[in-house]
Amino acid sequence: MPALARPRPLLLLFVAATITLGLATRRAPSRFPDAVATYGGDVLWATMVYWLVAFVRPTASWRMLSAITLLIAFGVEASQLVHTPWLDALRATRLGALVLGRGFLVSDLVAYCVGTVLALLLDRAVWRLLRTGRSR
């Protein structure tokens, strides 16, 4: 576990940048390679969840953040197997679809793993830079 907390303003910046890039893959898929257009939103969704969990627990280890992120992501994906009128109505909205998804896909689980690994690698790299900068 890091001795110092991750800076919350930086985490909010990461959340905003991740959301912006994720929405771009949905709004303008032709501007991205096919794999990014197809899976980028799901990869970045998990990355965003990692940053949000880090915001709530800024001193948590990257292992803990990764585990919580995957639990949330897999839980949301599994919830797509549940169909109730109110939940389907929520998923029919743009925000509901972006947050909860619409239908269960195994490929989404793989994308969430990739997004979590991407976030933890970025987190570790940024944390290393911040620690070396503070030790000078």
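Please read all numbers here as calculations on a predicted model, not as lab measurements.

Asks: Please clarify how the overall build of the protein chain should be interpreted in this entry.
Replies: Scanning the protein chain from terminus to terminus reveals 6 helices and 0 strands. Helices and strands in the protein chain line up, N terminus first, as α-α-α-α-α-α. Expected size for 136 residues packed as a compact globule is a radius of gyration near 14 Å; at 16 Å, the protein chain falls within 12% of this value. Across its three principal directions, the C-alpha atoms of the protein chain cover 55 × 35 × 25 Å. Here the protein chain, with 136 residues, has 35% of them falling under the buried criterion. If you take every contact in the protein chain between residues at least 6 apart in sequence, the share linking residues at least 24 apart comes to 66%. Summed over all atoms, the accessible surface of the protein chain reaches about 8,100 Å², with 71% contributed by carbon and sulfur. Distance from the positive charge centre (15 side chains) to the negative charge centre (6 side chains) of the protein chain: 15 Å.

Asks: Would you explain the environment of Val56 in this entry?
Replies: Note that Val56 resides in helix α2 (residues 34-56). Val56 sits in the exposed class, given a relative accessible area of 58%. Between the alpha carbons of Val56 and Gly96 there is a distance of 22 Å; along the sequence they are 40 residues apart.

Asks: Which parts of the structure should I look at to understand a nonpolar patch on the surface?
Replies: On the surface, Ile19, Leu23, Leu95, Leu98 and Val99 cluster together into a nonpolar patch covering about 400 Å² of accessible area. Of all the secondary-structure elements, those providing two or more residues to the nonpolar patch are α1 (8-27) and α5 (94-100). Looking at where Leu23 falls in the secondary structure, it is placed in helix α1. For Leu23, a relative accessible area of 31% puts it in the partly exposed group.

Reading the values: the criteria
- The written sequence of each chain sets the order in which its residues are numbered from 1.
- For this predicted model, a pLDDT threshold of at least 70 governs which residues receive local features, and a threshold of 80 or more governs which side-chain atom pairs are given and counted, while totals over whole chains, interfaces and linings are taken from all residues.
- Just so you know, side-chain values use all the structure's heavy atoms and leave hydrogens and water out.
- Starting at the N terminus, helices and strands are each numbered in turn, a helix being any DSSP run of H or I of at least four residues and a strand any DSSP run of E of at least two.
- We compute the radius of gyration from the C-alpha atoms alone; for a globule the expected value is 2.2 Å times N to the 0.38, where N is the number of residues.
- A simple rule labels every residue: compare its accessible area, found with a 1.4 Å probe on the protein chains alone, to the largest value its type can have, and call it buried under 20%, exposed over 50%, or partly exposed in between.
- A contact between two residues is defined here by any heavy atoms of the two lying within 4.5 Å.
- Throughout, the Shrake-Rupley method with a 1.4 Å probe supplies accessible areas, and for residues the shown protein chains are the sole cover considered.
- As used throughout, the charge tally considers Lys and Arg to be positive and Asp and Glu to be negative, leaving His and the chain termini uncounted.
- The location of each charge is read from NZ of Lys, CZ of Arg, CG of Asp or CD of Glu.
- In this analysis, a patch consists of residues with relative accessible area above 30% that form no salt bridge, clustered at 9 Å for like charges and at 5 Å for the nonpolar side chains Val, Leu, Ile, Met, Phe, Trp and Tyr.
- By convention in these notes, a salt bridge is any Lys or Arg side-chain nitrogen within 4 Å of a carboxyl oxygen on Asp or Glu.

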